[in-house]
Amino acid sequence: MISAILYQLTQNLTPEQIKEAGFDSYFVDHTQGIYPQSAAGVPFTAAYFQSKGDPITDLTEDLAAEQKARTTYDNILRLCDDPDVKDPIKFLRQREIVHFQRFGEALRMVQDDLDAKNFYCCNPSYDCKCGKTCSRMKRMR
């Protein structure tokens, strides 16, 4: 979706507009084609999605990512004394905490739907005999 929007916004730019907007180095490499990358120029990779298709595995990965981000913000706050930097970092840190809580709630919902409390024995989105309701069967209806 984002790539489609970017394409629409840049498809008719003139060389002068490209230079003025600061897109000239990007244009040299990619013309006006979509090449997802970070603001630092690091290309996007699907490796960022550590998805396995197992809700227990994926939610656990999400929980870990939120905690890693929170720890990074904690470290920045330990080293910084500028309130103009600390205030937005505190906001971002709080956001990670809320995300962690919501992912935890989602994980508990998935676990509560299992027939057994052995959360390591199956993939509830695929193994229909594992959970009380099989997601795969719901999709087929």
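About the criteria used
Residues numbered from 1 in each chain as written. Predicted model: local features only at pLDDT ≥ 70, side-chain atom pairs only at ≥ 80, totals over all residues. Heavy atoms only, no water. Core = buried A, V, L, I, M, F, W, Y, C linked by side-chain atoms within 4.5 Å. Buried < 20%, exposed > 50% of the residue type's maximum accessible area, 1.4 Å probe, protein only. Helix = DSSP H or I, 4+ residues; strand = E, 2+ residues; numbered from the N terminus. Expected span 1.5 Å × (residues − 1). Contact = heavy atoms within 4.5 Å. Polar contact = N/O pair within 3.5 Å; in protein donor to acceptor, adjacent residues only side chain to side chain.

### Observations regarding the nonpolar core
Grouped together as the largest cluster of nonpolar side chains are seven residues: Ile56, Leu59, Leu63, Leu107, Leu114, Cys122 and Cys130. Counting residues per element, this core draws most heavily on helix α4 (residues 55-79), which supplies three residues.

### Brief notes about helix α5 (residues 83-112)
Look at α5: 43 Å from first C-alpha to last across 30 residues, which is about the 44 Å you get at 1.5 Å a residue. Within the span of α5, buried status applies to Ile89, Glu96, Gly104, Leu107 and Gln111. Elements in contact with the buried residues of α5: α4. With a side-chain oxygen lying 2.8 Å from the backbone nitrogen of aspartate 84, the N-terminal cap of α5 falls on aspartate 82.

### Considering the side chain of glutamate 96
Here glutamate 96 is to be found in helix α5. There is a polar contact of 3.3 Å between the side chain of glutamate 96 and the side chain of arginine 95. Aside from chain neighbours lying at most four places away, what touches glutamate 96 is Glu66, Ala69, Arg70 and Tyr73.

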